[in-house]
Amino acid sequence: MHYTPATGSPAPAASPSPTAPKECVKTAGMSVEQLTGYLKELRSSSGDYQTKGLKLDSSGLNFTPEDIKRPCEAVSVKLAHYWVDLKKTHKADAISGARYEYTYTLIGTASHPAGPQDGRVPDSAPPDASVCRGTVSVVYLGPDIPVRALPYDLPLVDTTAPAPVKVDGDGVLSAMYVSPPNPDLC
């Protein structure tokens, strides 16, 4: 077969077409279970492996999902903050490390709309930790989180950097712990 270039005037340049609307996911009719699954799988637009599109950090809730799975409308999530009062029950010795008792106190629970635009959700930051008092923050859907579902194996470190923690519950999306600055002094 022999190819022969076309002769004559060049084809007119394609006119720019309007940008196609971004695909979005309709979340309005989803059950709590469906919405929980969707938000747990929602990936971040950052490109970092397995980062979440809705995540909790020391500044609060941050919503940055990838464009193709973004919700069409704002999604309402619940955010609960708890004080974690620490009391040392056993000093560290040559055989074992220090042991602590935790007491949780609910600071407050509020609903927050996340999305559909990117950004930090206002008024979602946890309160600052203080001497012998840290915080646990939980983002969830559905019924409120019972205190017995909160973790009792918190990472006690000499930093107030947030650490992810596991909180039991079907609707839990994310949870983090901020340690008091010097747990050894408790």
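Residues numbered from 1 in each chain as written. Predicted model: local features only at pLDDT ≥ 70, side-chain atom pairs only at ≥ 80, totals over all residues. Heavy atoms only, no water.

### A closer look at unusual backbone geometry
Then, in step 1: With omega at 0 degrees, the peptide bond leading from Gly115 into Pro116 counts as cis.
Then, in step 2: Position of Pro116 relative to the elements: it lies in the loop between β4 (99-114) and β5 (119-120).
Then, in step 3: Here the phi dihedral of Asp123 falls at roughly 55 degrees; this positive angle occurs in a residue that is not glycine.
Then, in step 4: In this fold, Asp123 is placed in the loop between β5 and β6 (133-140).
Then, in step 5: Phi angles above zero are rare outside glycine, and Cys132 is one such case at about 60 degrees.
Then, in step 6: Relative to the assigned elements, Cys132 resides in the loop between β5 and β6. (Helix = DSSP H or I, 4+ residues; strand = E, 2+ residues; numbered from the N terminus.)

### Remarks on the environment of Cys24
Then, in step 1: Here Cys24 is to be found in the segment before α1 (32-41).
Then, in step 2: Residue Cys24 is classed as partly exposed on the basis of its relative accessible area, which comes to 40%.
Then, in step 3: Considering only alpha carbons, one finds Cys24 and Pro116, 92 residues apart in sequence, at a separation of 9.3 Å.
Then, in step 4: Residues contacting Cys24, with those up to four places away along its chain left out, are Arg70, Pro71 and Cys72. (Buried < 20%, exposed > 50% of the residue type's maximum accessible area, 1.4 Å probe, protein only. Contact = heavy atoms within 4.5 Å.)

### Brief notes about the sheet that holds strand β7 (residues 163-164)
Then, in step 1: Pairing is antiparallel in the open sheet, where 5 strands are placed in the order β4-β3-β6-β8-β7. The outermost strands of the open sheet, each flanked by one partner alone, are β4 and β7.
Then, in step 2: Where strand β3 (residues 75-90) lies against β4, 15 bridges are found, and the strand directions are antiparallel. By the bridge assignment, Ser76 is partnered in β4 with Pro113.
Then, in step 3: On top of the sheet, α1 reaches β3 and β8 (172-178); it is set at about 55 degrees to β8, its chief contact. (Pairing = 2+ DSSP bridges. Axes fitted to C-alpha atoms, helices over the stretch in contact; angles between N-to-C directions.)

### Points about the confidence of the model for the chain
Then, in step 1: Overall, the prediction assigns the chain a mean pLDDT of 82, with 83% of residues at 70 or greater.
Then, in step 2: No element of the chain has a lower mean pLDDT than strand β1 (residues 54-57), which averages 88, and none a higher one than β6, which averages 94.
Then, in step 3: Below pLDDT 50 for its whole length, residues 1-21 participates in 0 contacts with residues either more than four positions away or in separate chains. (pLDDT = per-residue confidence, 0-100.)

### Brief notes about α1
Then, in step 1: Buried within α1 are the following residues: Leu35, Thr36, Tyr38 and Leu39. Buried residues of α1 fall within an arc of 165 degrees about the axis and therefore sit on the same side. Exposed and facing more than 90 degrees away from the buried side of α1 are Glu33 and Glu41.
Then, in step 2: Among the structural elements, β3 and β8 are those in contact with the buried residues of α1. (Arc of directions from axis to C-beta.)

### Overview of the pattern of salt bridges
Then, in step 1: A full pass over the atoms with the stated rule returns 7 salt bridges.
Then, in step 2: Close ionic contact of Glu41 with Arg43 constitutes a salt bridge, the shortest N to O distance being 3.8 Å.
Then, in step 3: The exposed category is assigned to Glu41, whose relative accessible area is 54%.
Then, in step 4: Between Lys78 and Asp144 there is a salt bridge whose closest N-O contact spans 3.8 Å. Of the two residues, Lys78 is situated in strand β3 and Asp144 in the loop between β6 and β7; the sequence distance between them amounts to 66 residues.
Then, in step 5: Given a relative accessible area of 26%, Lys78 falls into the partly exposed group.
Then, in step 6: Residues joined by salt bridges that share partners form a network here, namely Asp67, Arg70 and Asp118. (Salt bridge = Lys/Arg side-chain N within 4 Å of Asp/Glu carboxyl O.)

### So, the sheet that holds strand β2 (residues 60-63)
Then, in step 1: Judged by pairing direction, the sheet is antiparallel, and its 3 strands sit side by side in the order β1-β2-β5 without closing on themselves. The open sheet has two edge strands, β1 and β5, and neither has a second partner.
Then, in step 2: Pairing geometry for β2 and β5, over 2 bridges, is antiparallel. Among the inter-strand pairings, Phe63 is bridged to a residue of β5, identified as Gly119.

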